[in-house]
Amino acid sequence: MEFNDLRENISNKLARNYGISIAEATKEQLFRAIQLTVRDMLAQNRANYNNKVKDQNGKRVYYLCIEFLMGRQMKNNLMNLGIDKEIENILSESEHTLEDIYNCEADPGLGNGGLGRLAACFIDALTTCDYPATGHSILYEFGLFKQKIIDGNQIELPDEWLSTGSTWLVPRHDRAFNVRFGGKVSEVWNGTKLDIIHTDYEEVSAIPYDLFVSGADSEAVNILRLWKAKDTSTFNMNLFSQGEYVKAIQQSTNAEVISKVLYPADNHTEGKLLRLTQQYFMVSAAVQNILSDHLRRYGTLSNLKDNVAIHINDTHPAVVVPELMRILLDQYSYSWEDAWDIVRNTISYTNHTVLPEALETWNVDLFRLKLPRIYSIIEELNRRFCAELWEAYPGDWDRISRMSIISNNCIKMANLSVYASHTVNGVSALHSDILKKTVFHDFYKHTPEKFTNVTNGIVHRRWLCYSNPGLCKLLDECIGTSYRKEPEKLADFLKYQDDQSVLEQLQKIKYENKVRFAEYAKGRTGITLDPSSLFDVQIKRMHEYKRQLLNTLRIIYLYDLLMENPDYPMTPKTFIFGAKAAPGYDMAKKIIRLICAISADIEKHPKIKEKLQVVFMEDYNVSMAEVLIPSADVSEQISLAGKEASGTGNMKLMINGALTIGTLDGANVEMHSLVGDDNIYIFGMRAEEVDEMWKRGYNSSEYYNHSEAVRRTVKRLGIGFNGHEFTEFVNYLLMMQGISDPYMCLADFESYCMAHNRIERDFQDKPKWNKKSLINIGSAGFFAADRSVTEYCNNIWKATPVR
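Being a predicted model, the structure only gives us computed values, none of them experimental.

Draft legend 1. Examining the pattern of salt bridges more closely. Inspection of the entire model under this criterion finds 50 salt bridges. Here Lys609 makes a salt bridge to Glu603, at a shortest N to O gap of 3.4 Å. Owing to a relative accessible area of 27%, Glu603 belongs among the partly exposed residues under this scheme. Notably, a salt bridge pairs Asp762 with Lys772, separated by 3.8 Å at the nearest N-O pair. Linking Asp762 in helix H33 (residues 745–764) with Lys772 in helix H34 (residues 766–778), this pair joins segments that are ten residues apart in sequence. What makes Lys772 buried here is its relative accessible area of 7%. The network of salt bridges with common partners includes Arg172, Asp174, Asp210 and Arg225.

Draft legend 2. Region of interest: the packing of aromatic side chains. Under the criterion given, the structure shown has 28 aromatic pairs. Geometrically, the ring pair formed by Phe122 and Tyr792 is edge-to-face, given 5.5 Å between the ring centres and 65° between the ring planes. In this pair, Phe122 is assigned in helix H6 (residues 114–128) and Tyr792 in helix H35 (residues 785–797), connecting sequence segments 670 residues apart. Accessibility expressed as a relative area gives 1% for Phe122, which makes it buried.

Draft legend 3. Looking closely at empty space enclosed by the protein. All told, the structure shown has eight cavities of 30 Å³ or more when counted by the stated rule. Together, Met70, Gln73, Asn76, Asn77, Asn80, Arg117, Ala120, Asp124, Val213, Ser214 and Arg462 line the largest cavity. Counting only elements with at least two residues in the lining of the largest cavity, the list comes to helix H3 (74–81), H6 and strand S9 (202–214). Of the residues that constitute the lining of the largest cavity, the class distribution is three nonpolar, five polar and three charged.

Draft legend 4. Region of the structure containing the environment of Asp55. Secondary-structure assignment places Asp55 in helix H2 (residues 27–56). For the pair Asp55 and Asp786, spaced 731 residues apart in sequence, the C-alpha separation works out to 24 Å.

Draft legend 5. Spotlight on the sheet that holds strand S21 (residues 634–637). Strand order in the open sheet made by the six strands is S20-S19-S18-S21-S22-S23, with parallel pairing throughout. Of all strands in the sheet, those with a lone pairing partner are strand S20 (612–617) and strand S23 (681–682), marking the two edges. Sheet topology places strand S19 (residues 573–578) next to S20; six bridges connect them, and they run parallel. Paired with Phe577 across the strands is Phe616, a residue of S20. With respect to the sheet, helix H23 (residues 548–564) is in contact with strand S18 (534–539), S19, S20 and S21, its orientation differing from that of S19 by roughly 150°.

Draft legend 6. Here's a closer look at the packing of helix H12 (residues 320–331) against helix H13 (residues 336–346). With their axes 9 Å apart at the nearest point, H12 and H13 run at an angle of 140° to one another. Here H12 lies oblique to H13, going by the angle between them. As H12 runs across H13, the sense of the crossing is right-handed. Facing Val321, Leu324, Met325, Leu328 and Leu329 of H12, the residues of H13 in contact are Trp336, Ala339, Trp340, Ile342 and Val343. Here the residues of the contact of H12 with H13 are counted per class, giving ten nonpolar, no polar and no charged.

Draft legend 7. Representation of the environment of Glu156 in the model. Looking at where Glu156 falls in the secondary structure, it is placed in strand S4 (residues 153–157). Residue classification places Glu156 among the partly exposed residues on the basis of a relative accessible area of 29%. The spatial distance from the C-alpha of Glu156 to the C-alpha of Phe145 is 5.6 Å, given a sequence separation of eleven residues. In this view, Glu156 contacts Phe145, Lys146, Pro583 and Lys589; residues no more than four positions away in its chain are not counted. At 2.9 Å, the side chain of Glu156 and the side chain of Lys589 are in polar contact.

Draft legend 8. Inspection of the packing of helix H31 (residues 708–719) against H33 at higher detail. Look at H31 against H33: their axes get within 9 Å of each other, and the N-to-C directions meet at 115°. In terms of crossing hand, the pair formed by H31 and H33 is right-handed. Contacts from Ala709, Val710, Thr713 and Val714 of H31 reach H33 at Leu746, Phe749 and Glu750. Of the residues belonging to the contact of H31 with H33, the class tally is five nonpolar, one polar and one charged.

Draft legend 9. Representation of helix H4 (residues 84–91) in the model. When we look at burial in H4, the residues that qualify are Asp84, Ile87, Ile90 and Leu91. Mapping the buried residues of H4 onto a view down its axis gives an arc of 120°, with all of them on the same face. Elements in contact with the buried residues of H4: helix H1 (3–18), H2, H3 and helix H5 (98–102).

Draft legend 10. Main features of a nonpolar patch on the surface. Taken together, Ile150, Ile155 and Leu157 make up a surface patch of nonpolar side chains, about 240 Å² in accessible area. Its location among the elements puts Leu157 in strand S4. When its relative accessible area of 37% is taken as the criterion, Leu157 is described as partly exposed.

Definitions and cut-offs
Residues numbered from 1 in each chain as written. Predicted model: local features only at pLDDT ≥ 70, side-chain atom pairs only at ≥ 80, totals over all residues. Heavy atoms only, no water. Salt bridge = Lys/Arg side-chain N within 4 Å of Asp/Glu carboxyl O. Buried < 20%, exposed > 50% of the residue type's maximum accessible area, 1.4 Å probe, protein only. Helix = DSSP H or I, 4+ residues; strand = E, 2+ residues; numbered from the N terminus. Phe/Tyr/Trp six-rings, centres within 6.5 Å; stacked < 30°, edge-to-face > 60°. 1 Å grid on protein atoms, 1.4 Å probe; cavity = no way out; pocket = protein on both sides within 12 Å on 5 of 7 lines; lining within 4 Å. Points joined across faces, edges and corners; volume = space filled by probe spheres on them. Nonpolar A, V, L, I, M, F, W, Y, C, P; charged D, E, K, R; others polar. Pairing = 2+ DSSP bridges. Contact = heavy atoms within 4.5 Å. Axes fitted to C-alpha atoms, helices over the stretch in contact; angles between N-to-C directions. Parallel < 35°, antiparallel > 145°, perpendicular 65-115°, else oblique. Left-handed = near helix turned anticlockwise from the far one by under 90°. Polar contact = N/O pair within 3.5 Å; in protein donor to acceptor, adjacent residues only side chain to side chain. Arc of directions from axis to C-beta. Patch = residues over 30% accessible without salt bridge, like charges linked within 9 Å, V, L, I, M, F, W, Y side chains within 5 Å. Areas by Shrake-Rupley, 256 points an atom, 1.4 Å probe, with all protein chains shown as cover.

Below you can see the structure in the form of structure tokens.
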């Protein structure tokens with residue numbers, strides 16, 4: 001759109017909606033007018049691209065994920081469309097800046113952590129690379145939650161994001177589908193045909209809302225289809241007229257709770273039922289939509305596997321397998337064999353975890369109560385699979401039990417996903433190897449051809465070009481702009497690793513980013529940060545295996561040294577945490593409380609604060625990350641080896657020039673191989689050493705008894721901070737019933753401290769540090785989502801770009 005047309009569109013929307021001009025408009029009014037204008041542009045581009053897909057008969061990818069952590073849309077869309085400068089010029093007629101407009105938007109409450117951010121990166125990269133793709137998820141009214149920290153305690157508040165986010169969404173009531181829950185299922189033979197009769201069910205309407213996804217310098221526009229639950233019955237006016245107001249709306253409320261909140265607490269039966277209901281609601285709506293669209297295009301479902309790829313991102317959407325079977329069997333009268341052939345050649349699965357508690361299982365009784373027909377299909381799938389396994393491994397009951405879909409009154413969704421998928425992948429080289437050796441070893445031995453690896457990636461345009469304009473400008477000057485669409489060309493930056501002028505510019509850009517974040521943090525926390533200090537950043541979901549506790553233990557060690565001697569020689573350090581704990585995850589909440597107590601305690605000591613600061617950033621989200629990540633000097637990637645599947649925060653920090661301290665876990669392994677020993681700080685046990693120690697019997701007290709640093713740290717922990725006691729952590733590390741220190745913080749503590757000592761020495765040598773930073777930036781092109789989705793399309797989905 002030309003500048004004059006763009007200005008006219010915005011001006012007309014302001015006049016029509018508010019009766020004002022650009023000069024008179026508030027920033028909120030300007031935001032809404034620009035938002036509507038951009039949405040109209042994307043809608044037109046979407047229609048044009050859809051016609052091209054039809055003309056070229058492109059294979060369509062459907063990416064199913066329970067969460068998409070999209071981040072704010074305005075900045076991403078303006079820059080992808082290349083109209084940010086034009087909008088800035090239009091805004092010069094008002095008293096508002098482009099940054100003011102960006103800050104009007106709330107982060108969409110559609111995701112939580114790495115899983116949702118990866119899904120968002122992939123739908124963005126698929127669009128930029130011109131692949132026809134649709135994401136399917138739920139339109140969560142209140143997202144995960146808005147985090148409030150009060151006296152160190154996490155309080156969960158509703159995340160009311162739709163006030164600014166709903167305008168991006170296009171309701172599609174014409175594409176609504178009904179989803180059934182509960183009831184009774186009976187089988188009736190009608191001649192040679194088996195009819196399934198479903199009675200006494202509850203029915204919910206799934207209404208789709210489309211979020212347009214723009215690509216960078218691309219004609220493609222894809223959609224993220226978000227499903228909202230609505231009651232199918234009409235409003236009970238009779239009850240309402242009788243004064244039974246609550247009863248009149250109760251059924252509607254029961255339906256709408258499905259799409260209220262992401263990841264409801266599941267430490268009780270009601271929460272478990274709601275999670276299962278959410279998963280089936282999303283999947284059933286998506287599958288009905290996919291098949292309806294396919295029939296409209298082709299008139300048959302027999303060619304579904306040739307024209308459609310359905311991807312399960314983690315096990316939350318795994319009920320897509322029996323749901324696709326159900327529709328093919330019950331609605332379109334396919335034989336079991338033909339239906340199964342379509343299913344197993346259409347569906348693929350990405351595993352994201354090796355943690356047993358994260359591999360979803362469902363109690364048979366609960367599942368059968370909520371989804372009776374789906375359960376009967378899973379039961380038959382299990383029967384046939386076990387018969388197949390009996391032929392392959394006669395008499396090997398242990399193996400068959402491990403591989404079965406149903407055993408010990410549990411339905412194992414990961415096993416269902418592997419069995420039904422034509423391809424199964426992990427998300428880093430190490431993770432995929434661990435899957436084959438441990439979690440899915442039996443499956444790998446049975447069908448090795450199914451297993452592959454696709455290492456995760458990030459949208460480098462958003463996380464480098466749009467979030468770090470200073471670094472982007474330097475890259476443009478040094479290597480040109482082609483790296484924006486060809487991330488592998490970032491490697492051209494490596495030839496400047498000994499150019500002192502470039503290294504000095506890199507240091508200046510980093511300092512400016514730290515000043516920007518310090519101002520941001522001051523506004524959010526009231527704490528004044530020193531931008532000349534070393535910014536050490538750990539931003540992840542709060543979880544024991546990610547070992548925020550290990551980081552905290554070292555902070556306690558440093559704090560104790562400074563309390564003993566405030567003049568202790570040490571590079572000033574600022575430790576920055578950002579994390580949310582799941583509402584029902586008590587230990588994660590306690591770690592947040594510990595970090596906040598240490599931070600408050602340090603603030604009482606001005607002399608110590610000059611050398612050591614700790615800040616916990618409340619309500620960490622994508623928008624905060626876009627300010628924080630460019631400022632980081634050190635990236636903490638310190639999970640216990642063998643526990644992290646990949647990580648993507650490590651990639652975002654790396655591409656912005658932070659140096660990684662980490663274990664050889666997840667994608668850290670590939671980062672290490674790309675940058676070499678000198679440009680990453682590896683510490684701790686390897687995955688195989690962790691396994692060997694567990695087999696021998698891990699005794700955390702041995703490290704306490706043999707390490708002065710460990711003893712000193714744990715004793716100081718026992719004293720407490722800011723008036724709070726934390727003896728429970730001492731018990732957790734040393735005296736917990738069962739296994740003390742389950743994620744081996746004490747075993748890796750001294751190695752971790754030694755790696756940080758190397759960081760301290762190197763950070764003081766600025767030319768050396770800047771060179772390491774440049775090498776990380778230049779080596780990060782491999783971790784672009786463009787590469788990841790291209791591998792998926794070439795090797796798994798067999799999809800081609802439509803250009």
